There are 2 protein chains.
Amino acid sequence: MVEKYNLESLQLTMRVIAGKWKIQIILELMKGKKRFNELERATSGITPKVLIRELKDLEKTGIVNREVLKTALPAVEYSLTPAGTNLQPVLNKMQKWAKIQGQFFHLKGS
Amino acid sequence: MVEKYNLESLQLTMRVIAGKWKIQIILELMKGKKRFNELERATSGITPKVLIRELKDLEKTGIVNREVLKTALPAVEYSLTPAGTNLQPVLNKMQKWAKIQGQFFHLKGS
DNA sequence: CAGGATCCATGACGATACTG
DNA sequence: CAGTATCGTCATGGATCCTG
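Owing to the predicted nature of the structure, the values given are computational and were not obtained by experimental measurement. (Residues numbered from 1 in each chain as written. Chains lettered and ligands numbered in written order. Predicted model: local features only at pLDDT ≥ 70, side-chain atom pairs only at ≥ 80, totals over all residues. Heavy atoms only, no water.)

1. Considering the protein's contact with DNA strand C
Not every one of the 22 residues close to DNA strand C is listed here, only the nearest: Asn 37 and Arg 66 of chain A together with Lys 20, Trp 21 and Lys 49 of chain B. The protein-proximal atoms of DNA strand C, defined as those within 4 Å of the protein, are 70% sugar or phosphate. The separation between a phosphate oxygen of DNA strand C and a polar side-chain atom of Lys 20 of chain B is 2.5 Å. Within the side chain of Trp 21 of chain B, one N or O atom sits 2.5 Å away from a phosphate oxygen of DNA strand C. For the surface near DNA strand C, the secondary structure elements donating two or more residues are helix 3 (36-42), helix 4 (48-60) and strand 3 (75-80) of chain A together with helix 4 (48-60) of chain B. Residue composition of the surface near DNA strand C, grouped by class: 10 nonpolar, three polar and nine charged. (Near = heavy atom within 4 Å. Polar contact = N/O pair within 3.5 Å; in protein donor to acceptor, adjacent residues only side chain to side chain. Helix = DSSP H or I, 4+ residues; strand = E, 2+ residues; numbered from the N terminus. Nonpolar A, V, L, I, M, F, W, Y, C, P; charged D, E, K, R; others polar.)

This is the structure in structure tokens:
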């Protein structure tokens, strides 16, 4: 069945989870709350600057939640908002599609 | 239910349909075969160079099909491959998600 | 520990002009 | 009509170093 699409919201949705890091972070947070440095280690190779920017982006778009813990040392925990967990069906479909396309689907054979 | 995700294929899927033009083109082609200049008019504001590049990208990733017609004047028709039409469930879920997030979801309130 | 500043590389996207 | 060529801009991501 063909639905009625809103181009803008589709593009917005893409922007919100596209890029090199955002899905990685989201997948990581789907496992549960994570501290900043846990995320830093989990997404190997990311620099603090980029991680911060990505997290702020995800915060702005309502996908992750930021919580400052009142512990001895500064600590911050990130977690998914409902909007974030609602992304699962989207990712499921994407995953399914990729699996179906299989090996004849690969970028930059150029 | 949480599925097992493959990060790389998720990112690949995103890359394949992300950007300013690709979804527009795909949505247009979901209506049926289109000639080059039809696409050019449908995606208002695009320049030939960019449209070509986007179409080639979509061809490379197996999403669109390019067919040269043997008419008096040079004519080319583009259409979706099965892989292309298979994107519908993905877009449906994205659309649904965007709708649920509603107004409190907007980029760059910064 | 969490986050910021600065500088830099690259690729996406754009404008204009031109051609088989 | 369906492309190409050339040039330019800007956002994303990266490296390194610094700080409340």
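From this point, the narrative continues.
2. Overview of the sheet that holds strand 1 (residues 34-35) of chain B
Residues and elements named next belong to chain B. An order of 1-3-2 is seen for the three strands of this open sheet, with the pairing classed as antiparallel. Edge positions in the open sheet fall to strand 1 and strand 2 (64-69), since each of these has one partner strand only. For strand 1 and strand 3 (residues 75-80), the ladder comprises two bridges, and the chain directions are antiparallel. Bridged to Lys 34 within strand 3 is Tyr 78. Across the face of the sheet, helix 2 (residues 22-30) comes into contact with strand 1, strand 2 and strand 3 while running at roughly 95 degrees to strand 3. (Pairing = 2+ DSSP bridges. Contact = heavy atoms within 4.5 Å. Axes fitted to C-alpha atoms, helices over the stretch in contact; angles between N-to-C directions.)

3. Observations regarding the relation of the copies chain B and chain A
Overlay of chain B on chain A (RMSD 0.1 Å): rotation 180 degrees, translation along the axis 0.0 Å. In short, the pair behaves as if placed about a two-fold rotation axis. Residues of chain B ranked by C-alpha distance from the rotation axis are headed by Val 90 of chain B, positioned 3.2 Å from it. (Least-squares fit on C-alpha atoms with pLDDT ≥ 70 in both.)

4. Side note on the pattern of salt bridges
Residues and elements named next belong to chain B. Enumeration over the complete set of coordinates arrives at 14 salt bridges over all chains. In this structure, Glu 28 engages Lys 34 in a salt bridge whose closest nitrogen and oxygen atoms are separated by 3.6 Å. A salt bridge links Lys 33 to Glu 77; the nearest nitrogen and oxygen atoms lie 3.9 Å apart. With Lys 33 in the loop between helix 2 and strand 1 and Glu 77 in strand 3, this pair connects stretches of sequence that are 44 residues apart. (Salt bridge = Lys/Arg side-chain N within 4 Å of Asp/Glu carboxyl O.)

5. Focus on the protein's contact with DNA strand D
Around DNA strand D, a shell composed of 21 residues is seen, among which Lys 20 and Lys 49 of chain A together with Asn 37, Ile 52 and Arg 66 of chain B lie nearest. For DNA strand D, a phosphate oxygen lies 3.2 Å from a polar atom in the side chain of Glu 54 of chain A. Here a sugar or linking oxygen of DNA strand D sits 3.4 Å away from a polar atom, N or O, in the main chain of Pro 74 of chain B. Contributions of two or more residues to the surface near DNA strand D are made by helix 4 of chain A together with helix 3 (36-42), helix 4 and strand 3 of chain B. A total of four residues in the surface near DNA strand D trace back to one element, the largest contributor, which is helix 4 of chain B. Residues that form the surface near DNA strand D fall into these classes: nine nonpolar, three polar and nine charged.

6. Here we look at the interface of chain B and chain A
Each partner contributes residues to the interface: chain B has 46 residues there, and chain A has 47 residues. Between chain B and chain A lies a buried interface of about 4600 Å² when both sides are counted; carbon and sulfur atoms form 69% of it. The three residues of chain B that bury the most area against chain A are Tyr 5, Met 14 and Trp 97 of chain B, which together make up 16% of that side's buried surface. Our count for the contact surface shared by chain B and chain A stands at zero salt bridges. Sorting the residues of the side of chain B that touches chain A by element identifies helix 1 (7-17), helix 2 and helix 6 (88-101) of chain B as the ones contributing at least two each. Looking at which element gives the most residues to the side of chain B that touches chain A, the answer is helix 6 of chain B, with 12 residues. (Buried area = accessible area lost by both parts, 1.4 Å probe.)

7. What about the pairing of strand 3 of chain B?
All names here are of chain B. Within strand 3, six of the six residues are buried, which leaves the element mostly enclosed by the surrounding structure. Residues Ala 75, Glu 77 and Ser 79 of strand 3 are buried on one face, and the alternating residues Val 76, Tyr 78 and Leu 80, pointing to the opposite face, are buried as well. One ladder, built from six bridges, connects strand 2 with strand 3; its direction is antiparallel. Within strand 3, the residue paired with Leu 69 across the bridge is Ala 75. Between strand 2 and the antiparallel strand that follows it, strand 3, lie five residues. (Buried < 20%, exposed > 50% of the residue type's maximum accessible area, 1.4 Å probe, protein only.)

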